[in-house]
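Descriptive structure summary
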Amino acid sequence: MRRREFITLVGSAAITWPLAARAQHPAMPVVGWLNSGPAGDPLFMSFAMAFRAGLKDAGYTEGQNVAIDFRWGEGQYSRLPTLAAELVAKRVDVIVAGGPPAATAAKAATQTIPIIFTSGDDPIKLGLVASLSRPGGNATGVNLFDNEIEAKRLGVLRDVVQGATTMGVLLNPKAVYFDAQSKDVREAARVGGFKVIVLAAASAKEIDEAFTTFAQARPSALLMGSDPYLLSARKQLIALAAHQSIPAMFSGRAAALDGGLMSYGISFADAYRQAGIYVGRVLKGEKPTDLPVIRTTKFELVINLATAKQLGLAIPSGVLAIADEVIE
């Protein structure tokens with residue numbers, strides 16, 4: 001072989017080998033994020049941070065070996081089916097669906113792409129899985145128990161507002177668990193021997209209207225139902241409750257941090273971290289059907305003493321003793 005031909009051959013190989021190496025390098029997996037909350041809300045951003053922490057525990061870091069494509073519903077559940085369809089069209093590797101509205105939208109959009117959900121409602125009743133231990137199909141995730149404890153949350157609120165004879169409850173009528181929540185609080189009122197006023201709101205206007213009704217009915221305290229939209233609207237709810245000087249309980253810690261009297265509910269951070277770990281396991285090859293639904297039992301009771309003082313409300317020592325966090 002002549003020297004010039006040899007150099008040409010080597011040069012061609014030097015160009016070809018890197019191209020071949022790049023062609024064989026696997027594309028970075030993409031996780032589709034579907035959530036009904038508003039982008040930019042500190043609370044929902046904390047969910048994403050907890051999810052990233054779980055991914056990292058499973059060996060995945062955003063921007064290094066995994067990408068996340070975010071889709072936010074901005075509090076409008078009606079947008080979720082379209083957003084889910086967008087993720088399916090992009091052929092993401094797995095969808096993480098936060099909350100029952102997002103989970104059911106994702107499940108309706110695909111029967112093949114793996115789905116890891118967080119759900120406060122019964123995932124079997126929602127049609128997400130066949131059973132908790134053997135999910136079947138393409139979905140599994142974390143069951144939060146959150147929508148199953150409205151009666152308990154109402155009980156804790158009555159422990160704080162002792163002697164209350166009438167309690168107000170605000171629920172989201174567009175949520176799939178609306179009927180179950182309503183039944184739960186009505187049964188709690190029947191057993192506890194007090195009156196309950198259940199109102200529904202799924203928009204800022206409807207929230208204002210509900211509080212107009214509450215102002216006329218004058219309940220002793222208010223319970224905000226466990227729901228992503230109501231949690232995203234917490235600042236409006238906190239302001240209205242303060243204006244009417246009504247003690248109110250919320251479902252998420254963020255509400256108490258923002259000035260609400262108290263919150264009692266699941267640790268969302270822990271749930272989203274576990275969802276991140278499950279997504280990592282799916283990216284490594286495990287199938288949702290082989291991953292049992294996790295039933296998280298980590299609840300948080302947070303009390304804002306500054307708000308209690310403004311309301312002229314003394315928090316019983318027994319309630320303070322069981323609180324996970326007290327805001328001075």
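Above: the structure in question.
Read on for an overview of the structure. (Residues numbered from 1 in each chain as written. Predicted model: local features only at pLDDT ≥ 70, side-chain atom pairs only at ≥ 80, totals over all residues. Heavy atoms only, no water.)

**Things to note about the overall build of the protein chain**
So the rule is basically this: Every helix listed is a DSSP run of H or I at least four residues long, and every strand listed is a run of E at least two residues long, numbered separately from the N terminus. Think of it in three bands: residues with accessible area under 20% of the maximum for their type are buried, residues over 50% are exposed, and the middle band is partly exposed, with areas taken using a 1.4 Å probe on protein chains only. Residues count as neighbours in contact if any of their non-hydrogen atoms are within 4.5 Å of one another. Note on areas: these come from Shrake-Rupley sampling with a 1.4 Å probe, and a residue is covered only by the protein chains present in the view. Only four residue types enter the tally: Lys and Arg on the positive side, Asp and Glu on the negative side, with His and both chain ends excluded. We put the charge of a Lys on NZ, of an Arg on CZ, of an Asp on CG and of a Glu on CD.
For the protein chain, the helix and strand inventory stands at 13 helices and 13 strands. Dimensions of the protein chain along its principal axes, counting C-alpha atoms only, are 100 × 40 × 35 Å. Per-residue burial for the protein chain yields a buried fraction of 52% across its 328 residues. Expressed as a percentage of contacts within the protein chain between residues at least 6 apart in sequence, the contacts between residues at least 24 apart total 70%. For the protein chain, the exposed surface amounts to about 15100 Å²; the carbon and sulfur share of it is 54%. Computed over 33 positive and 29 negative side-chain charges, the inter-centroid distance for the protein chain is 6 Å.

**Some thoughts on the sheet that holds strand β12 (residues 299-304)**
The criterion, for reference: For two strands to count as paired, DSSP must find a minimum of two bridges between them. To get an axis, a line is fitted to the C-alpha atoms, and for a helix only the part in contact is used. The angle between two axes follows their N-to-C directions and goes from 0 to 180 degrees.
Strands sit in the order β7-β6-β8-β9-β10-β12-β13 across an open sheet of seven strands; the sheet is mixed. The open sheet terminates on both sides in strands that have one partner only, identified here as β7 (195-200) and β13 (325-327). On average, adjacent strands in this sheet sit at an angle of 20 degrees to one another, irrespective of strand direction. As paired strands, strand β8 (residues 221-224) and strand β9 (residues 248-250) are joined by two bridges and run parallel to one another.

**Quick word on the pattern of salt bridges**
A side chain with one charge can pair with a side chain of the opposite charge if their charged atoms come near. Basically, it comes down to this: Whenever a carboxyl oxygen of Asp or Glu lies within 4 Å of a side-chain nitrogen of Lys or Arg, that contact is scored as a salt bridge.
A complete count under the given rule lists 14 salt bridges for this structure. For the salt bridge of Lys 125 with Asp 121, the shortest nitrogen-to-oxygen distance reads 3.4 Å. Each member of the salt-bridge network shares a partner with another, and the members are Asp 69, Arg 71, Glu 86 and Lys 90.

**Focus on helix α11 (residues 268-283)**
At 3.6 residues per turn, the α-helix brings residues three or four places apart onto the same side. Test applied: One fewer than the residue count of a helix, multiplied by 1.5 Å, yields its expected span.
Here α11 spans 23 Å end to end across 16 residues, near enough to the 22 Å set by a 1.5 Å rise per residue. For α11, the set of buried residues is Phe 268, Asp 270, Ala 271, Tyr 272, Gln 274, Ala 275, Gly 276, Tyr 278, Val 279, Gly 280 and Val 282. Following α11 by one or two positions, Gly 285 adopts a phi angle in the positive range, close to 120 degrees.

**Let's talk about the packing of helix α7 (residues 204-217) against helix α9 (residues 234-243)**
Rule in force here: For classification, angles of less than 35 degrees are called roughly parallel, those exceeding 145 degrees roughly antiparallel, those between 65 and 115 degrees roughly perpendicular, and all remaining angles oblique. Crossings are assigned a handedness: left-handed for a near helix turned anticlockwise from the far helix by less than a right angle, right-handed for a clockwise turn.
Put simply, α7 and α9 touch, their axes get as near as 11 Å, and they point 20 degrees apart. By the angle between their directions, the pair α7 and α9 is classed as roughly parallel. Like other packed secondary-structure pairs, α7 and α9 cross with a definite hand, here right-handed. Between α7 and α9, the contacting residues are Ala 204, Ile 207, Asp 208 and Phe 211 on the first element and Gln 236, Leu 237, Leu 240 and Ala 241 on the second.

**Topic: the packing of helix α3 (residues 80-89) against helix α4 (residues 100-109)**
Put simply, the test is: Only Asp, Glu, Lys and Arg are considered charged, only Ala, Val, Leu, Ile, Met, Phe, Trp, Tyr, Cys and Pro nonpolar, and every remaining residue, Gly among them, polar.
Close contact between α3 and α4 brings their axes to 8 Å; oriented N to C, the two are set at 50 degrees. Viewed along their axes, α3 and α4 adopt a mutual orientation that is oblique. Crossing handedness for the pair α3 and α4: right-handed. Residue-level contacts link Leu 80, Pro 81, Ala 84, Ala 85 and Val 88 of α3 to Pro 101, Ala 102, Ala 105, Ala 106 and Ala 109 of α4. Within the contact of α3 with α4, the residues separate by chemical class into ten nonpolar, no polar and no charged.

**A few points about the nonpolar core**
Quick reminder of the rule: To define a nonpolar core, start from buried Ala, Val, Leu, Ile, Met, Phe, Trp, Tyr and Cys residues and group those joined through side-chain atoms within 4.5 Å.
Ranked by size, the top nonpolar core spans 44 residues in total, and within it Leu 34, Leu 170 and Phe 211 carry the most contacts. When sequence neighbours within four positions are dropped, the list of residues in contact with Phe 211 reads Leu 170, Leu 222, Met 224, Leu 237, Leu 240, Ala 241 and Gln 244. Counting residues in each nonpolar core, the second largest holds 30 residues, with Val 96, Phe 268, Ala 275 and Leu 291 among its members.

**Some thoughts on the packing of aromatic side chains**
Heads up, the condition is: Aromatic pairing here means that ring centres of Phe, Tyr or Trp (its six-membered ring) are within 6.5 Å. Orientation follows from the plane angle: under 30 degrees is stacked, over 60 is edge-to-face, and everything else is tilted.
One pass over the structure, following the stated rule, counts ten aromatic pairs. Taken together, a centroid distance of 5.3 Å and an interplanar angle of 45 degrees make the contact between Phe 47 and Phe 268 tilted. Placement of the pair is Phe 47 in helix α2 (residues 42-57) and Phe 268 in helix α11, with a sequence separation of 221 residues. Each member of the pair Phe 47 and Phe 268 is classed as buried. Here a set of aromatic residues connected by ring pairs shows up, and it is made of Trp 33, Phe 44, Phe 47, Phe 51, Phe 70, Trp 72, Phe 268 and Tyr 272.

**Observations regarding the pairing of strand β3 (residues 94-98)**
Counted only if it meets this: A clockwise course of the path from the first strand over the helix to the second, judged with the strands pointing away from the viewer, identifies a crossover as right-handed.
A large share of β3 lies buried, amounting to five of its five residues. Sheet topology note: the β3/strand β4 (residues 115-119) ladder contains four bridges and is parallel. Residue pairing in the sheet places Val 96 in a bridge with Ile 116 of β4. Between the parallel pair β3 and β4, the chain is carried across by α4, and the sense of this crossover is right-handed.

**Overview of helix α6 (residues 178-192)**
Basically, it comes down to this: It is the directions from the helix axis to the C-beta atoms that the arc portrays.
For α6, which comprises 15 residues, the first-to-last C-alpha distance of 21 Å matches the rise-based estimate of 21 Å (1.5 Å per residue) to within 8%. Phe 178, Gln 181, Ser 182, Val 185, Ala 188 and Ala 189 are the residues of α6 that are buried. Mapping the buried residues of α6 onto a view down its axis gives an arc of 130 degrees, with all of them on the same face. In α6, those exposed residues whose orientation departs by more than 90 degrees from the buried face are Asp 179, Lys 183, Arg 190 and Val 191. Against the buried residues of α6 lie α5 (150-160), β6 (166-171), β7 and β8.

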